[in-house]
Amino acid sequence: MRLASSTKNLKIFTKKKELLHWLGSPENKQKTVGLVPTMGALHEGHLSLIHTAQKQSDIVVCSIFVNPKQFNDPADLERYPRPVEQDIEKLQAAECDVLFMPGIDEMYAENEEWQMDLGSLENVLEGRSRPGHFQGVVHVVKKLFDLVGPQLAFFGQKDYQQVMVIKKLVKQFKMPVKLVIVPVLREPDGLAMSSRNVHLSTEERRQALALSKALQLTKKHFNERTIPRLKAEAHGFLNRSEGIKLDYFEICDAETLKPAVSKKNAGLVALTAAYVGRTRLIDNIILR
Ligand code: AMP
(Lines give C-alpha, C1' and ligand atoms only; values in the text may rest on other atoms or scores of the structure.)
Protein backbone atom coordinates (compact mmCIF):
# COMPACT_ATOMS: atom_id res chain seq x y z
CA MET A 1 0.00 0.00 0.00
CA ARG A 2 1.20 3.49 -0.81
CA LEU A 3 1.07 5.89 2.09
CA ALA A 4 1.07 9.62 1.69
CA SER A 5 3.62 11.15 4.04
CA SER A 6 1.10 13.79 5.07
CA THR A 7 -2.64 13.24 5.08
CA LYS A 8 -4.55 16.35 6.15
CA ASN A 9 -2.57 17.45 9.19
CA LEU A 10 -1.44 14.01 10.30
CA LYS A 11 2.22 13.46 9.43
CA ILE A 12 3.01 9.84 8.73
CA PHE A 13 6.55 8.53 9.01
CA THR A 14 7.78 5.02 8.41
CA LYS A 15 11.49 5.85 8.70
CA LYS A 16 13.27 6.81 11.92
CA LYS A 17 15.45 9.33 10.11
CA GLU A 18 12.49 11.23 8.68
CA LEU A 19 10.72 11.34 12.04
CA LEU A 20 13.89 12.61 13.72
CA HIS A 21 14.37 15.23 11.04
CA TRP A 22 10.82 16.52 11.50
CA LEU A 23 11.01 16.52 15.31
CA GLY A 24 14.37 18.29 15.18
CA SER A 25 13.24 21.03 12.77
CA PRO A 26 13.46 24.64 14.07
CA GLU A 27 9.66 24.95 14.49
CA ASN A 28 9.37 21.72 16.48
CA LYS A 29 12.50 21.22 18.50
CA GLN A 30 11.46 23.40 21.45
CA LYS A 31 8.05 21.75 21.70
CA THR A 32 6.90 19.24 24.31
CA VAL A 33 6.50 15.81 22.77
CA GLY A 34 4.03 13.24 24.10
CA LEU A 35 4.40 9.66 22.87
CA VAL A 36 1.56 7.13 22.70
CA PRO A 37 2.98 3.71 21.77
CA THR A 38 0.42 1.25 20.35
CA MET A 39 0.13 -1.86 18.22
CA GLY A 40 -2.67 -0.31 16.17
CA ALA A 41 -6.21 -1.63 15.61
CA LEU A 42 -7.10 1.57 17.40
CA HIS A 43 -10.20 1.87 19.57
CA GLU A 44 -11.59 4.44 22.00
CA GLY A 45 -9.16 3.27 24.68
CA HIS A 46 -6.20 4.25 22.50
CA LEU A 47 -7.92 7.51 21.59
CA SER A 48 -8.35 8.39 25.25
CA LEU A 49 -4.56 8.12 25.56
CA ILE A 50 -4.20 10.45 22.57
CA HIS A 51 -6.68 12.97 24.00
CA THR A 52 -4.91 12.92 27.36
CA ALA A 53 -1.59 13.40 25.55
CA GLN A 54 -2.97 16.36 23.59
CA LYS A 55 -3.87 18.17 26.81
CA GLN A 56 -0.33 17.85 28.13
CA SER A 57 1.95 18.06 25.06
CA ASP A 58 2.52 20.36 22.08
CA ILE A 59 3.14 17.46 19.69
CA VAL A 60 1.54 14.03 20.02
CA VAL A 61 3.33 11.13 18.35
CA CYS A 62 1.37 7.90 18.12
CA SER A 63 3.38 4.86 17.13
CA ILE A 64 1.89 1.76 15.59
CA PHE A 65 4.16 -1.24 15.61
CA VAL A 66 3.07 -4.83 16.04
CA ASN A 67 6.20 -5.87 17.86
CA PRO A 68 7.05 -9.50 17.01
CA LYS A 69 9.42 -9.73 19.97
CA GLN A 70 6.61 -9.43 22.48
CA PHE A 71 4.52 -12.26 21.01
CA ASN A 72 5.40 -15.62 22.49
CA ASP A 73 2.71 -17.29 20.36
CA PRO A 74 3.31 -17.07 16.58
CA ALA A 75 -0.40 -17.73 15.88
CA ASP A 76 -1.34 -14.74 18.05
CA LEU A 77 1.10 -12.53 16.10
CA GLU A 78 -0.27 -13.78 12.78
CA ARG A 79 -3.87 -13.17 13.84
CA TYR A 80 -3.27 -9.72 15.36
CA PRO A 81 -5.56 -7.20 13.57
CA ARG A 82 -3.84 -4.61 11.32
CA PRO A 83 -6.50 -2.25 9.92
CA VAL A 84 -3.99 0.42 8.87
CA GLU A 85 -6.32 2.62 6.82
CA GLN A 86 -8.97 2.80 9.54
CA ASP A 87 -6.25 3.60 12.08
CA ILE A 88 -5.06 6.50 9.96
CA GLU A 89 -8.62 7.82 9.68
CA LYS A 90 -9.09 7.60 13.44
CA LEU A 91 -5.86 9.46 14.09
CA GLN A 92 -6.84 12.15 11.60
CA ALA A 93 -10.25 12.53 13.22
CA ALA A 94 -8.56 12.75 16.63
CA GLU A 95 -6.23 15.45 15.25
CA CYS A 96 -3.14 13.54 16.26
CA ASP A 97 0.02 15.22 14.96
CA VAL A 98 2.26 12.32 14.00
CA LEU A 99 1.90 8.65 13.23
CA PHE A 100 5.14 6.68 13.33
CA MET A 101 4.61 3.36 11.64
CA PRO A 102 7.93 1.60 11.08
CA GLY A 103 8.44 -1.79 9.48
CA ILE A 104 10.12 -4.60 11.38
CA ASP A 105 13.50 -4.04 9.69
CA GLU A 106 13.40 -0.36 10.56
CA MET A 107 12.96 -1.16 14.26
CA TYR A 108 15.20 -4.20 14.46
CA ALA A 109 17.93 -3.33 11.97
CA GLU A 110 20.76 -4.15 14.35
CA ASN A 111 20.96 -7.57 15.81
CA GLU A 112 21.08 -6.55 19.45
CA GLU A 113 20.42 -9.08 22.15
CA TRP A 114 20.03 -7.81 25.64
CA GLN A 115 17.96 -8.68 28.66
CA MET A 116 16.75 -6.45 31.41
CA ASP A 117 16.41 -7.65 34.96
CA LEU A 118 12.71 -7.21 35.62
CA GLY A 119 12.85 -8.91 39.00
CA SER A 120 9.70 -10.70 40.08
CA LEU A 121 7.62 -8.87 37.44
CA GLU A 122 9.04 -11.28 34.88
CA ASN A 123 7.70 -14.38 36.62
CA VAL A 124 4.21 -13.45 37.76
CA LEU A 125 0.87 -13.10 35.94
CA GLU A 126 1.50 -12.13 32.28
CA GLY A 127 5.22 -12.75 32.75
CA ARG A 128 4.59 -16.33 33.76
CA SER A 129 1.94 -17.00 31.11
CA ARG A 130 3.82 -15.30 28.27
CA PRO A 131 7.55 -16.05 28.67
CA GLY A 132 9.70 -13.36 27.05
CA HIS A 133 6.76 -11.00 26.53
CA PHE A 134 8.03 -8.22 28.78
CA GLN A 135 11.59 -8.44 27.43
CA GLY A 136 10.02 -7.75 24.01
CA VAL A 137 8.04 -4.85 25.48
CA VAL A 138 11.09 -3.19 27.08
CA HIS A 139 13.08 -3.65 23.86
CA VAL A 140 10.59 -1.78 21.74
CA VAL A 141 9.66 0.87 24.30
CA LYS A 142 13.33 1.68 24.95
CA LYS A 143 13.89 2.05 21.20
CA LEU A 144 10.89 4.35 20.89
CA PHE A 145 11.93 6.46 23.89
CA ASP A 146 15.52 6.73 22.60
CA LEU A 147 14.31 7.71 19.15
CA VAL A 148 11.48 10.13 19.93
CA GLY A 149 12.91 11.50 23.20
CA PRO A 150 9.45 12.36 24.53
CA GLN A 151 9.04 14.46 27.67
CA LEU A 152 5.83 12.51 28.34
CA ALA A 153 4.70 8.99 27.47
CA PHE A 154 1.15 7.72 27.84
CA PHE A 155 0.18 4.17 28.77
CA GLY A 156 -3.10 2.50 29.69
CA GLN A 157 -3.83 0.98 33.07
CA LYS A 158 -5.47 -1.79 31.02
CA ASP A 159 -1.97 -3.31 30.75
CA TYR A 160 -1.21 -2.85 34.43
CA GLN A 161 1.85 -5.09 34.61
CA GLN A 162 3.27 -3.46 31.48
CA VAL A 163 3.08 -0.10 33.25
CA MET A 164 5.10 -1.51 36.18
CA VAL A 165 7.67 -2.93 33.74
CA ILE A 166 8.01 0.39 31.91
CA LYS A 167 8.40 2.26 35.20
CA LYS A 168 11.30 -0.09 35.93
CA LEU A 169 12.81 0.51 32.47
CA VAL A 170 12.68 4.29 32.91
CA LYS A 171 14.24 4.07 36.38
CA GLN A 172 16.95 1.63 35.32
CA PHE A 173 18.12 3.74 32.35
CA LYS A 174 17.40 7.06 34.11
CA MET A 175 15.30 8.16 31.15
CA PRO A 176 14.07 11.76 31.26
CA VAL A 177 10.46 10.91 30.48
CA LYS A 178 7.37 11.27 32.64
CA LEU A 179 4.93 8.37 32.45
CA VAL A 180 1.24 9.23 32.46
CA ILE A 181 -1.16 6.37 33.20
CA VAL A 182 -4.66 6.55 31.74
CA PRO A 183 -7.60 4.62 33.31
CA VAL A 184 -9.12 1.57 31.58
CA LEU A 185 -11.75 2.59 29.05
CA ARG A 186 -14.69 0.19 28.98
CA GLU A 187 -17.68 -0.56 26.77
CA PRO A 188 -20.97 0.56 28.38
CA ASP A 189 -21.53 -3.00 29.70
CA GLY A 190 -18.11 -3.12 31.38
CA LEU A 191 -15.96 -5.04 28.88
CA ALA A 192 -12.48 -3.48 28.75
CA MET A 193 -11.80 -2.15 25.26
CA SER A 194 -9.12 -4.17 23.49
CA SER A 195 -7.88 -4.63 19.93
CA ARG A 196 -8.46 -8.35 20.46
CA ASN A 197 -12.22 -7.88 21.05
CA VAL A 198 -12.76 -7.91 17.26
CA HIS A 199 -12.00 -11.63 17.35
CA LEU A 200 -14.95 -12.36 19.67
CA SER A 201 -18.13 -13.86 18.19
CA THR A 202 -21.44 -12.45 19.48
CA GLU A 203 -21.64 -15.33 21.95
CA GLU A 204 -18.03 -14.89 23.11
CA ARG A 205 -18.53 -11.14 23.41
CA ARG A 206 -21.31 -11.84 25.93
CA GLN A 207 -19.27 -14.50 27.75
CA ALA A 208 -16.26 -12.16 28.00
CA LEU A 209 -18.24 -9.93 30.38
CA ALA A 210 -17.46 -12.43 33.15
CA LEU A 211 -13.98 -10.90 33.51
CA SER A 212 -15.10 -7.37 34.33
CA LYS A 213 -17.96 -8.76 36.43
CA ALA A 214 -15.55 -10.80 38.57
CA LEU A 215 -13.38 -7.71 39.07
CA GLN A 216 -16.35 -5.51 39.95
CA LEU A 217 -17.67 -8.08 42.44
CA THR A 218 -14.26 -8.23 44.09
CA LYS A 219 -14.20 -4.47 44.44
CA LYS A 220 -17.77 -4.41 45.76
CA HIS A 221 -17.00 -6.97 48.49
CA PHE A 222 -13.51 -5.70 49.23
CA ASN A 223 -14.28 -4.15 52.62
CA GLU A 224 -16.21 -7.11 54.04
CA ARG A 225 -14.15 -10.09 52.85
CA THR A 226 -10.63 -11.43 53.39
CA ILE A 227 -8.27 -11.64 50.41
CA PRO A 228 -8.37 -15.48 50.23
CA ARG A 229 -12.18 -15.36 50.29
CA LEU A 230 -12.35 -12.67 47.58
CA LYS A 231 -10.02 -14.74 45.40
CA ALA A 232 -11.91 -17.96 46.00
CA GLU A 233 -15.20 -16.30 45.08
CA ALA A 234 -13.78 -14.79 41.90
CA HIS A 235 -12.23 -18.13 40.89
CA GLY A 236 -15.56 -19.88 41.56
CA PHE A 237 -17.44 -17.29 39.52
CA LEU A 238 -15.05 -17.41 36.57
CA ASN A 239 -14.74 -21.19 36.56
CA ARG A 240 -18.54 -21.49 36.52
CA SER A 241 -18.86 -18.90 33.73
CA GLU A 242 -19.65 -20.46 30.39
CA GLY A 243 -16.99 -20.08 27.70
CA ILE A 244 -14.27 -18.83 30.08
CA LYS A 245 -10.97 -20.67 30.38
CA LEU A 246 -9.33 -18.94 33.30
CA ASP A 247 -5.58 -18.35 33.24
CA TYR A 248 -5.31 -16.38 36.49
CA PHE A 249 -7.23 -14.18 38.86
CA GLU A 250 -4.95 -12.64 41.48
CA ILE A 251 -5.04 -9.92 44.09
CA CYS A 252 -1.61 -8.35 44.21
CA ASP A 253 0.46 -5.62 45.76
CA ALA A 254 -0.09 -2.65 43.44
CA GLU A 255 3.66 -1.96 43.07
CA THR A 256 5.45 -5.32 43.13
CA LEU A 257 2.53 -7.40 41.80
CA LYS A 258 3.43 -10.09 44.33
CA PRO A 259 0.28 -11.91 45.45
CA ALA A 260 -1.21 -10.31 48.55
CA VAL A 261 -2.29 -12.51 51.42
CA SER A 262 -3.67 -9.82 53.69
CA LYS A 263 -4.85 -6.25 53.40
CA LYS A 264 -1.75 -4.73 54.96
CA ASN A 265 -0.33 -3.64 51.58
CA ALA A 266 -0.85 0.07 50.87
CA GLY A 267 -2.05 -0.52 47.32
CA LEU A 268 -3.91 -3.56 46.04
CA VAL A 269 -5.00 -4.49 42.54
CA ALA A 270 -6.99 -7.43 41.17
CA LEU A 271 -5.81 -8.75 37.81
CA THR A 272 -7.20 -11.45 35.58
CA ALA A 273 -6.52 -13.18 32.27
CA ALA A 274 -8.68 -15.73 30.50
CA TYR A 275 -9.32 -17.30 27.14
CA VAL A 276 -12.72 -16.71 25.61
CA GLY A 277 -12.69 -19.12 22.69
CA ARG A 278 -9.28 -18.61 21.08
CA THR A 279 -8.97 -15.04 22.29
CA ARG A 280 -6.93 -14.22 25.36
CA LEU A 281 -8.20 -11.20 27.30
CA ILE A 282 -6.78 -9.37 30.31
CA ASP A 283 -8.36 -6.91 32.71
CA ASN A 284 -7.76 -5.41 36.15
CA ILE A 285 -9.24 -3.15 38.78
CA ILE A 286 -7.57 -1.09 41.49
CA LEU A 287 -9.01 -2.14 44.84
CA ARG A 288 -7.16 0.38 46.95
P1 AMP B 1 -1.87 -1.93 22.54
O2 AMP B 1 -2.13 -1.39 21.18
O3 AMP B 1 -2.82 -3.00 22.97
O4 AMP B 1 -0.42 -2.27 22.76
O5 AMP B 1 -2.17 -0.72 23.52
C6 AMP B 1 -1.51 0.52 23.38
C7 AMP B 1 -1.77 1.35 24.61
O8 AMP B 1 -3.17 1.55 24.76
C9 AMP B 1 -1.29 0.64 25.90
O10 AMP B 1 -0.70 1.60 26.75
C11 AMP B 1 -2.56 0.09 26.46
O12 AMP B 1 -2.53 -0.08 27.86
C13 AMP B 1 -3.55 1.18 26.07
N14 AMP B 1 -4.92 0.64 26.09
C15 AMP B 1 -5.36 -0.48 25.48
N16 AMP B 1 -6.66 -0.70 25.78
C17 AMP B 1 -7.03 0.31 26.60
C18 AMP B 1 -8.24 0.63 27.28
N19 AMP B 1 -9.33 -0.11 27.17
N20 AMP B 1 -8.26 1.75 28.05
C21 AMP B 1 -7.14 2.51 28.18
N22 AMP B 1 -5.98 2.27 27.57
C23 AMP B 1 -5.92 1.17 26.80
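Since the model is a prediction, treat every value here as computed from it, not as a measurement. (Residues numbered from 1 in each chain as written. Predicted model: local features only at pLDDT ≥ 70, side-chain atom pairs only at ≥ 80, totals over all residues. Heavy atoms only, no water.)

J.: What is the right way to read the overall build of the protein from this model?
T.: The number of helices and strands found in the protein is 11 helices and 10 strands. Taken over C-alpha atoms, the radius of gyration comes to 19 Å for the protein, in line with the 19 Å a tight globule of 288 residues would show. Along the first, second and third principal axes, the C-alpha atoms of the protein reach 60 × 40 × 35 Å. Residues classed as buried in the protein amount to 55% of the 288 residues present. Of the contacts made within the protein by residues no fewer than 6 positions apart, 73% connect residues no fewer than 24 positions apart. (Helix = DSSP H or I, 4+ residues; strand = E, 2+ residues; numbered from the N terminus. Rg over C-alpha atoms; globule rule 2.2 N^0.38 Å. Buried < 20%, exposed > 50% of the residue type's maximum accessible area, 1.4 Å probe, protein only. Contact = heavy atoms within 4.5 Å.)

J.: Just to check I follow, could you spell out the site of the ligand for this structure?
T.: Surveying the vicinity of the ligand reveals 17 residues, the closest of which are Met 39, Gly 156, Asp 159, Leu 185 and Met 193. At a separation of 2.9 Å, an oxygen atom of the ligand approaches a polar backbone atom of Gly 156. Residue Leu 185 places a main-chain N or O atom 2.8 Å away from a nitrogen atom belonging to the ligand. Burial of the ligand by the surrounding chains reaches 93%, relative to a free accessible area of 490 Å². Secondary-structure elements contributing two or more residues to the shell around the ligand are strand S3 (33–38), helix H2 (44–56) and strand S6 (152–156). Tallying contributions element by element places H2 first for the shell around the ligand, with three residues. The residue makeup of the shell around the ligand, split by class, is nine nonpolar, six polar and two charged. (Near = heavy atom within 4 Å. Polar contact = N/O pair within 3.5 Å; in protein donor to acceptor, adjacent residues only side chain to side chain. Areas by Shrake-Rupley, 256 points an atom, 1.4 Å probe, with all protein chains shown as cover. Nonpolar A, V, L, I, M, F, W, Y, C, P; charged D, E, K, R; others polar.)

J.: How should I be thinking about the environment of Trp 114 in this particular structure?
T.: Along the chain, the position of Trp 114 falls in the loop between helix H5 (104–107) and helix H6 (125–129). Spatially, the C-alpha atom of Trp 114 lies 43 Å from that of Lys 220, the residues being 106 residues apart in sequence. Excluding anything up to four places from it in sequence, Trp 114 contacts Gln 135, Val 138, His 139, Lys 142 and Phe 173.

J.: Teacher, can you tell me more about the packing of helix H7 (residues 133–148) against helix H8 (residues 160–172) here?
T.: Working note: a packed helix pair is described by the angle between its axes plus the distance between those axes. With their axes 10 Å apart at the nearest point, H7 and H8 run at an angle of 55° to one another. Viewed along their axes, H7 and H8 adopt a mutual orientation that is oblique. Judged by the twist between their axes, the crossing of H7 over H8 is right-handed. Mapping the contact onto sequence places Phe 134, Val 137, Val 138, Val 141, Lys 142 and Phe 145 in H7 and Gln 161, Gln 162, Val 165, Ile 166, Leu 169 and Val 170 in H8. Its residues assigned to classes, the contact of H7 with H8 comprises nine nonpolar, two polar and one charged. (Axes fitted to C-alpha atoms, helices over the stretch in contact; angles between N-to-C directions. Parallel < 35°, antiparallel > 145°, perpendicular 65-115°, else oblique. Left-handed = near helix turned anticlockwise from the far one by under 90°.)

J.: What is the right way to look at the pattern of salt bridges in this model?
T.: Under the criterion given, the structure shown has 12 salt bridges. Within this structure, Asp 76, Arg 130 and Arg 196 form a network of salt bridges that share partners. (Salt bridge = Lys/Arg side-chain N within 4 Å of Asp/Glu carboxyl O.)

J.: Is there a simple way to explain the sheet that holds strand S10 (residues 279–286) in this structure?
T.: Here three strands make up an open sheet; going across it, the order is S8-S9-S10 and the pairing antiparallel. Because the sheet does not close on itself, it has two edges, and the strands there are strand S8 (244–253) and S10. The sheet shows a mean angle of 15° between the axes of neighbouring strands, direction not considered. (Pairing = 2+ DSSP bridges.)

J.: Got a minute to help me understand the side chain of Glu 204 in this structure?
T.: The residue Glu 204 is located in helix H9 (residues 202–207) in this model. Buried and unpaired, Glu 204 has no salt bridge, with Arg 79 as the nearest side chain of opposite charge at 7.2 Å. Looking at Glu 204, its side chain comes within polar contact range of the main-chain nitrogen of Ser 201, at 3.0 Å. In this structure, Glu 204 is in contact with His 199, Val 276 and Gly 277, ignoring residues within four places of it in sequence. (Lys, Arg positive; Asp, Glu negative; His and termini not counted.)

J.: Can you help me understand unusual backbone geometry in this one?
T.: Leave glycine aside and you will find that most residues have negative phi; peptide bonds, for their part, are mostly trans. Here the phi dihedral of Glu 95 falls at roughly 60°; this positive angle occurs in a residue that is not glycine. You will see that Leu 257, though not glycine, has its phi angle at about 65°, which is positive. Structurally, Leu 257 is set in the loop between S8 and strand S9 (268–276).

J.: It is not clear to me how the environment of Ala 153 should be interpreted in this structure. Could you clarify?
T.: When you line up the elements, Ala 153 lands in strand S6. The sequence separation of Ala 153 and Val 177 amounts to 24 residues, and the corresponding C-alpha distance is 6.8 Å. With residues up to four places along the chain from it excluded, the contact list for Ala 153 reads Leu 35, Phe 145, Val 177, Lys 178, Leu 179 and Val 180.

Worth remembering: the numbers are spatial, not functional.
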